[in-house]
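Chain by chain, the residues:
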Protein chains: 6
Amino acid sequence: MEFKSPAKPNQLAPRFTEIATFMRVPIAQTLEEADIGMFGIPYDGALTNRPGTRHGPREVRNQSSLMRAVNHATRINPFELAQIRDMGDVPFTRMFEVEASHKEIEAFANMLIEAEVMPFAIGGDHSISLPLLRAIAKEPIALIHIDAHADTTDSFQGSKFNHGAPFRRAVEEGLIDPTKTIQIGIRGTQNTSDGWDFSAASGMRVVFCEEFHEKGPAAIAAEARALVGDMPVYLTYDIDSLDPVYAPGTGTPEIGGMTTHQAQILLRGLRDLNYVGADLVEVSPPFDVGDVTSLAGAALAYEILCLLAEVHQKRAFE
Amino acid sequence: MEFKSPAKPNQLAPRFTEIATFMRVPIAQTLEEADIGMFGIPYDGALTNRPGTRHGPREVRNQSSLMRAVNHATRINPFELAQIRDMGDVPFTRMFEVEASHKEIEAFANMLIEAEVMPFAIGGDHSISLPLLRAIAKEPIALIHIDAHADTTDSFQGSKFNHGAPFRRAVEEGLIDPTKTIQIGIRGTQNTSDGWDFSAASGMRVVFCEEFHEKGPAAIAAEARALVGDMPVYLTYDIDSLDPVYAPGTGTPEIGGMTTHQAQILLRGLRDLNYVGADLVEVSPPFDVGDVTSLAGAALAYEILCLLAEVHQKRAFE
Amino acid sequence: MEFKSPAKPNQLAPRFTEIATFMRVPIAQTLEEADIGMFGIPYDGALTNRPGTRHGPREVRNQSSLMRAVNHATRINPFELAQIRDMGDVPFTRMFEVEASHKEIEAFANMLIEAEVMPFAIGGDHSISLPLLRAIAKEPIALIHIDAHADTTDSFQGSKFNHGAPFRRAVEEGLIDPTKTIQIGIRGTQNTSDGWDFSAASGMRVVFCEEFHEKGPAAIAAEARALVGDMPVYLTYDIDSLDPVYAPGTGTPEIGGMTTHQAQILLRGLRDLNYVGADLVEVSPPFDVGDVTSLAGAALAYEILCLLAEVHQKRAFE
Amino acid sequence: MEFKSPAKPNQLAPRFTEIATFMRVPIAQTLEEADIGMFGIPYDGALTNRPGTRHGPREVRNQSSLMRAVNHATRINPFELAQIRDMGDVPFTRMFEVEASHKEIEAFANMLIEAEVMPFAIGGDHSISLPLLRAIAKEPIALIHIDAHADTTDSFQGSKFNHGAPFRRAVEEGLIDPTKTIQIGIRGTQNTSDGWDFSAASGMRVVFCEEFHEKGPAAIAAEARALVGDMPVYLTYDIDSLDPVYAPGTGTPEIGGMTTHQAQILLRGLRDLNYVGADLVEVSPPFDVGDVTSLAGAALAYEILCLLAEVHQKRAFE
Amino acid sequence: MEFKSPAKPNQLAPRFTEIATFMRVPIAQTLEEADIGMFGIPYDGALTNRPGTRHGPREVRNQSSLMRAVNHATRINPFELAQIRDMGDVPFTRMFEVEASHKEIEAFANMLIEAEVMPFAIGGDHSISLPLLRAIAKEPIALIHIDAHADTTDSFQGSKFNHGAPFRRAVEEGLIDPTKTIQIGIRGTQNTSDGWDFSAASGMRVVFCEEFHEKGPAAIAAEARALVGDMPVYLTYDIDSLDPVYAPGTGTPEIGGMTTHQAQILLRGLRDLNYVGADLVEVSPPFDVGDVTSLAGAALAYEILCLLAEVHQKRAFE
Amino acid sequence: MEFKSPAKPNQLAPRFTEIATFMRVPIAQTLEEADIGMFGIPYDGALTNRPGTRHGPREVRNQSSLMRAVNHATRINPFELAQIRDMGDVPFTRMFEVEASHKEIEAFANMLIEAEVMPFAIGGDHSISLPLLRAIAKEPIALIHIDAHADTTDSFQGSKFNHGAPFRRAVEEGLIDPTKTIQIGIRGTQNTSDGWDFSAASGMRVVFCEEFHEKGPAAIAAEARALVGDMPVYLTYDIDSLDPVYAPGTGTPEIGGMTTHQAQILLRGLRDLNYVGADLVEVSPPFDVGDVTSLAGAALAYEILCLLAEVHQKRAFE
């Protein structure tokens, strides 16, 4: 018997075995070996309600072991299209301070981008999209934002950088082009209509969940594709876009949301866009039941990975 | 710093803080200060299967903290339209006897009605609708009844007042007009067809869940509106109308039920009716998982509150 | 007071009482008294992922107490159409060996068939369908297979008889006619497309879940009826055909699956076929939350029982 | 293969198999075949706090499957000393009325006693001990009462027969001799000291939990043995005598209670008394976690069964 | 029927009813009406590991409904000895900044102290003891500190005010006299011995859990009494002093801890000290199972309340 | 920012971060770099009751993140005394066959031993100790066996190698010296006394749990030390030695067991023995609640690691 380092997990082994990495991909030994770098952002210092997303990356890794290679709907095998690696977690040293933490996230993402590794982050609360966009967007890019909340409100408890505001900040900082931004699945009560109003006023296309249910995910995906065109685009997926029965393990659940089937059809409708990065956020394992949220997060991360791997390969062949 | 009594919770504070009242409204200090009085009926002495709805009001209060003010679909803010107060719970002194307990519920509702407070009760098992109707209905009124069960069966274990029979009793007692009654979402096995037969024979419109799924909630809501017209109408919402995955925390779950999205569309289709009271019943926290049932109960109670507040304001302006 | 043996449970008693048998039917005292024999196969020795289906029969018995007699949609009362008995569980003596265990399952099913008892098994992992088919199929029969997985892959960990392969084996052994086989609800990642390819190449009709969601359960049921015609047909229902929120308690959950409502419509569309047996498998109570999976399993087993009892009665009257 | 009725479970089979009876004993076909009759009382209509003990018998049956035959400490095998049978549950027909329900319990126990079957009931709330004592005690008998609560308070919500009062009633009705009564493990807050005062004034020996912890279970058992002597004695075991971590699944948990090890030592110190019946009450599965309460209930019921079987055999040989 | 405001809950009502306040005491309408003010500090912004203590006050309120008036061991009824009120929660406006949050806590405590209300806080993470001590300690006071951790480490992630360091800071700021400080129950791994070393070097008496188990809670309580004498003393109780099975719902569980019985004996051994305030911290409901931690927290808070009420009354009579 | 491979986790980072390895030690890149190799055996193919231990290694890794470096009782820091590495899991290829699986375990252990890596396995069911002993014991060695079960019964369901028999086989195969074997914590019912009789007859010292509770862990540890002397000794720790409230997540729970504090004292009493390997087995996450079992497993594995690291260092200095 020869020793095989567990840093290189085997996707063909029984799925309950081995050290849990994202999708059972190898652990990166060097920065350069990766085409797509999945990494965790175990941070929940900017949320406004129920905590726990700091535990998200760990549990998404755990449940992602259930994923296998080939997508039954598209027959894509992302692991054949790109070198995908688990880059570990952003190493925090100032986690009690929102802005300092965001700087550490940005630095980590910058490190990947400089090495030409496409970043795919697993959060963490939604505030993390802002520092990721700061690292990625050299000029305003397009945004596909799937979420129950528009996340364009303003300060809460004295902080402009809370998890309900990242995309207002991103517009203000010139990181995203609001006219090339689509928000899908929006719903739930708010204390004022301020956030929804900002989204509308800035030119974002806001698809409330009622419209989403009525038109269906394929139509909405088509609209998103048309809107975004071939601009560089960032995809941010908040697990609370799903209905609370599909994602009880999140901080701010809102009834009336998407099913996982709808989310799959939506994501599969977003192939061949010019992705420059992605995140999946707000999985909060302490509030989960039966790991259904972490499993949904892992399975939708797999769908996103198919999107990213496909575009990586196309770029490689250009 | 000045002391602010926690009897007046702050809807803008972080949602995990403060003493839990329904929707974080103030606790009534006097009877008269309320336009709409939310109150709990922590009673499960008349149920026939799994217990626990006595804990319903407490947990719906708890989860209702997640609600905020403005409805994203209708843009209604019920707290601006009416003075809404938490009136506490019906104070029981004879909880081992079904009929004595029902008298205590009726007396509490009478107290509210005499003070011109619109009653909105959170149960409790479904038997409580009968004493509430006794207090409210001076002549036969219309009924919108959303439930998995017709609740028109007869005696069980020697009692005519069990939670499977309130609306048969209400017809017999002349509290509701069966030809102005619609039952929506009915399904699940029964030992005999007796209850369904009573509903049909008395002239009620019974929408089984298969028909509901086929026609959709908006069409069914339209039919209910047409049926009820401008008669005084009572709205009773049994949480087991939802599918068991949306409401595992209930005594008699039946698969094949509504989604919360369907329930929202249904309720939002019932605006501008002549409401004289409402209840939401059968949330059983001991059987809940991850509080999804209490959360759904709270969020649908919020939708019902929007209906009641809107009609209150219109009456005030007439 | 006269003693009544608890071996004859009372379907009219409160549902939380008495010893739990399948659907609260009497326990068989003799083999011959039954027309339809429900029995448990508490076996999970051939699964490849998360275990626990050995506990399935016990919990399906437990939750099936919530079932009553009359089907609200079809108004069938299966207990009036056939003598239904709980036959207990397959008594294992070699549970550590897959093939020996399968022989014991086959012998038990043979015992029933020789006594003209229609077998309806509650698993257990899906490998058990193979020995059941060996007992039932004297020549190739039709198969209606509802599942997330085609279960036509090949060896895993050295065994051809694992729970991912029973229907490939059944084709090879001439137990089922693949051109009279329909697989409904297929989805989820695989390491290779080998299983899907086998299903297609052998002539099976494979309905992936996307197609199922698009066409709807009634249309798919109609297609299944047309395909099967009046051939002897076996119905195998894998609980993981349901979405993980409806069936978290299973070994290999795949997001994007059926709702229980869809499953009910599908099953009710399959009346009047020439059933020779059935199973419902892969309920894994240790992974369940709030017993929703066991409850769904029990309620769908009730729907299947309606199908079997109806055909039994028709045969009895021919 | 020969058919073996599942009414006769096999204690040597894998423990997760077969229909769940108490301790996997056969289901009684006749009244007379039993020496000791275990039966369920799925009743919680007289409790004052959290409900759910109606589900106790079902889950104690379920978890008792984990029990095997020989007691490691005493080497007693109760199944060799007496014919033990599962008699099913008390069949209720008036469960909404406390006194009517109690009469039905009494009638069931009388039926057993007339057939010379020693009754061993699994509850249910603690109010059930009163009707059992009415059936058993033809003159005042001794009582060993293990519990967190003295259960000698008086009326609550208008009923003298609530689960906090059975032993006050039993003294008043001349069913137990308070000077031959010992209450062990008493603790927890009360609104007044009335119950404790009644116990003391009537001559009961009350061992508060602090004394129990200090002297240890063996010493307290010795004292109980000395007090009771050879009088006919009834043993009533309330699961809330255990600390809430050993028995979270109960209606009125009180911290600072017994460990299961202490309970075992206590019960094993009570051999060779003149038992005339026993009960184990207040297991409430809806509040249980990980089935630890039902398991503890089953394992302590096994210890009690050893006591009863041993005395049965001795009587048989006299 | 007369309206009774639910702001004045009734301790004699069924315990599952009414709005949940601490121990079912009235909600304070004014600051002055209280002798002892219980209040919540829903803050977990300074913890270093698993979050969730922001939900602590809410759930301790909920479970404290199970408490009644009279202590069975001491026969004290605290509600007769002092006016105890629920003062609500500290109203935060800067919860993302540790030091700003601490200032808000200090201001709230100051408000109580100025009104001569003895503060008894329910946390929240353990960092909150520091601002409470800042409000209370005009000169160095004695400290009884029951905990798994000495909480005398230093900076973590750049903050000196994290929940592992409050008592190091309190010594440095001259709030506590380390030679009049006793730490009880200390255990668990640390990355360095720095915290333990600080405690020892500053003159604190540190009782590791092994010594605690060996000597027993009564002996340790006696030592604490002797050490503290009649100095003003603050009592801080960290729920993680309990073993993880008694308190799974906490951020940093350490096996080998106290039982609730030991904690009760310890606290009851601390009567008649010169208390100037108290807190109970680190209950984290999202990690709780079956509410056992919240229940233990509520029951130990009741014991502390007995200590405070007794000393209040004595002062009043002086 | 410089890239640091997540294969080298940082024990000083927040404990909820990074890829989960045993105790946050680095992942072995080569076989030779390790002095002590922790590895998982995700195998439950030989158990006789409730399954799930295949998930044990994964969850013990997860919970072991909560461990830090220094033992508060002994002040040992095992990570300074030896190079400890996570070697991954035994790679199975024949998991459906008990004996083939055992060969693969033996081969993996042999690989470590040949490289002079001390094996410390995390199971998995207890059958795995047999192949580990086959690899380790070149002649009969001493055994310290902490467990609820003697595991010296014989065949079950046709297999001699089930998890109730490994130490009977180990005696028969000459792997352990029964007169140098001590079994600690034995309890629970058995169908016959055969296993206990074998242990006694072969000369093992069997400490039933009653004796353990009476004498205490320190005295039993001292006896074990005296018995074993300086023979090579293997330590096997079955998590079900703990009481079910400390370890609900196991297949065969037995009430009346050890506390974690007792287990710690017992293990700390076993320093300076001549260890040649160890295992910790029977953690079954699907049956766990609140991760308390995995946490206890991780914390006791840490204690065992201290024993192994200390002896490693002493050997290195000889």
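Residues numbered from 1 in each chain as written. Chains lettered and ligands numbered in written order. Predicted model: local features only at pLDDT ≥ 70, side-chain atom pairs only at ≥ 80, totals over all residues. Heavy atoms only, no water.

## Some remarks on the pattern of salt bridges
Under the criterion given, the structure shown has 102 salt bridges over all chains. The residue glutamate 223 of chain B makes a salt bridge to arginine 205 of chain B at a minimum N-O spacing of 2.3 Å. A residue pair is termed long-range when its members are at least 10 positions apart, and glutamate 223 of chain B in helix α8 (residues 217-228) and arginine 205 of chain B in strand β6 (residues 205-208) qualify at 18 residues. Salt-bridge contacts for arginine 271 of chain B lead to glutamate 310 of chain B; the nearest nitrogen and oxygen are separated by 2.7 Å. Note that arginine 271 of chain B is positioned in the loop between α9 (260-268) and β8 (274-281) and glutamate 310 of chain B in helix α10 (residues 292-317), a separation of 39 residues in sequence. A residue is classified by how much of its surface remains accessible, and arginine 271 of chain B, at 26% relative accessible area, is partly exposed. Via salt bridges that share partners, Asp154, Arg168, Arg169, Glu172 and Asp194 of chain A belong to a single interconnected network. (Salt bridge = Lys/Arg side-chain N within 4 Å of Asp/Glu carboxyl O. Helix = DSSP H or I, 4+ residues; strand = E, 2+ residues; numbered from the N terminus. Buried < 20%, exposed > 50% of the residue type's maximum accessible area, 1.4 Å probe, protein only.)

## Let's talk about the UniProt feature "binding site: Mn(2+) 2" (unreviewed entry) in chain A
In the numbering used here, UniProt assigns the feature "binding site: Mn(2+) 2" (unreviewed entry) to His126 of chain A. The topology assignment puts histidine 126 of chain A in the loop between β3 (118-123) and α4 (129-136). (UniProt positions renumbered as here; feature names shortened; annotations may be inferred.)

## Structural notes on the packing of aromatic side chains
Inspection of every chain in the model, using the stated rule, returns 24 aromatic pairs over all chains. With a centroid separation of 6.4 Å and an interplanar angle of 65°, the aromatic rings of phenylalanine 156 of chain B and phenylalanine 96 of chain D are classed as edge-to-face. Placement of phenylalanine 156 of chain B in the loop between β4 (141-146) and α5 (166-172) and of phenylalanine 96 of chain D in the loop between β2 (84-89) and α3 (98-114) is noted, with the two residues assigned to different chains. Under the relative-accessibility criterion, phenylalanine 156 of chain B is labelled partly exposed at 22%. The exposure class of phenylalanine 96 of chain D is buried, given its relative accessible area of 8%. With a centroid separation of 5.0 Å and an interplanar angle of 40°, the aromatic rings of phenylalanine 39 of chain F and phenylalanine 108 of chain F are classed as tilted. Separated by 69 residues along the polypeptide, phenylalanine 39 of chain F in strand β1 (residues 36-41) and phenylalanine 108 of chain F in helix α3 (residues 98-114) bring together distant segments of the chain. Here the basic side chain of arginine 50 of chain C rests over the ring of phenylalanine 287 of chain C, its NZ or CZ set 4.2 Å away from the ring centre. (Phe/Tyr/Trp six-rings, centres within 6.5 Å; stacked < 30°, edge-to-face > 60°. Lys NZ or Arg CZ within 6 Å of the ring centre and 35° of its normal.)

## Quick word on the relation of the copies chain F and chain A
Rotating chain F by 180° and moving it 0.0 Å along the rotation axis overlays it on chain A with an RMSD of 0.0 Å. Given the turn and translation reported, the copies of this chain are related as if by a two-fold rotation axis. (Least-squares fit on C-alpha atoms with pLDDT ≥ 70 in both.)

## Some remarks on the environment of threonine 153 of chain C
Residue and element names in this part refer to chain C. Counting through the fold element by element, threonine 153 comes out in the loop between β4 (141-146) and α5 (166-172). For threonine 153, a relative accessible area of 24% puts it in the partly exposed group. Note: C-alpha distance between threonine 153 and serine 193 (40 residues apart in sequence) is 8.8 Å. When residues no more than four places from it in sequence are discounted, the contact partners of threonine 153 are Gly164, Ala165, Arg168, Gln190, Asp194 and Gly195. (Contact = heavy atoms within 4.5 Å.)

## So, the interface of chain F and chain A
Reports of interface size often rely on the accessible area that becomes lost once the parts have come together. Taken together, the contact pairs 38 residues of chain F with 38 residues of chain A. A combined buried area of about 3200 Å² lies between chain F and chain A, and 64% of that area is made up of carbon and sulfur atoms. Three residues stand out in chain F for area buried against chain A, namely Phe3, Phe16 and Arg58 of chain F, and they jointly supply 27% of the buried area on that side. At the junction of chain F and chain A, the tally comes to zero salt bridges. Our enumeration of links across chain F and chain A arrives at 17 residue pairs in polar contact (both at pLDDT 80 or more). (Buried area = accessible area lost by both parts, 1.4 Å probe. Polar contact = N/O pair within 3.5 Å; in protein donor to acceptor, adjacent residues only side chain to side chain.)

## Overview of the arrangement of the chains
The smallest C-alpha distance separating chain C from chain E is 13 Å, and no contact links them. Between chain B and chain F there is no contact, and the shortest C-alpha to C-alpha distance separating them is 13 Å.

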